[in-house]
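# Per-entry structural report
The lines below spell out each chain.
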Amino acid sequence: MNIGNVSEVVAAGYVLIYWGGAMVGPLIGSAILQKVQTNVCWDCRLVACVLVVGSMLTFGHVAMWTIIFL
């Protein structure tokens, strides 16, 4: 209950969102990398770093959503 202050049923829905994103994300990423000629990896690393730092410095729903977006 300390993480996000949600029940197990609601948390299970978030886990579904997480794993769905983990499946769809690489497909979208590979499509973007085929269309864009610049170095997108640096942008992705920057966003990932911001999300990790955001999750470390916050708590509750903000920390939960930053990890889900990561």
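Before going into details, it helps to say that this report is about the structure given with it. Given the structure is predicted, the values throughout are model-derived calculations rather than measurements. (Residues numbered from 1 in each chain as written. Predicted model: local features only at pLDDT ≥ 70, side-chain atom pairs only at ≥ 80, totals over all residues. Heavy atoms only, no water.)

### Thoughts on the packing of helix 1 (residues 8-35) against helix 3 (residues 61-69)
Relative to each other, helix 1 and helix 3 sit at 30°, their axes nearing to 9 Å. Taken together, helix 1 and helix 3 sit at an angle that is classed as roughly parallel. Contacts between helix 1 and helix 3 involve Tyr14, Ile17 and Tyr18 from the first element and Met64, Trp65, Ile67 and Ile68 from the second. The residue inventory of the contact of helix 1 with helix 3, partitioned by class, reads seven nonpolar, no polar and no charged. (Axes fitted to C-alpha atoms, helices over the stretch in contact; angles between N-to-C directions. Helix = DSSP H or I, 4+ residues; strand = E, 2+ residues; numbered from the N terminus. Parallel < 35°, antiparallel > 145°, perpendicular 65-115°, else oblique. Contact = heavy atoms within 4.5 Å. Nonpolar A, V, L, I, M, F, W, Y, C, P; charged D, E, K, R; others polar.)

### A look at the layout of surface pockets
In this structure, the second largest pocket encloses a volume near 180 Å³. If you trace the second largest pocket, you find it lined by Ile17, Tyr18, Gly21, Ala22, Pro26, Trp65, Ile68, Phe69 and Leu70. Considering every element that reaches the lining of the second largest pocket, the biggest residue donor is helix 1, with five residues. Its residues placed into classes, the lining of the second largest pocket shows eight nonpolar, one polar and no charged. (1 Å grid on protein atoms, 1.4 Å probe; cavity = no way out; pocket = protein on both sides within 12 Å on 5 of 7 lines; lining within 4 Å. Points joined across faces, edges and corners; volume = space filled by probe spheres on them.)

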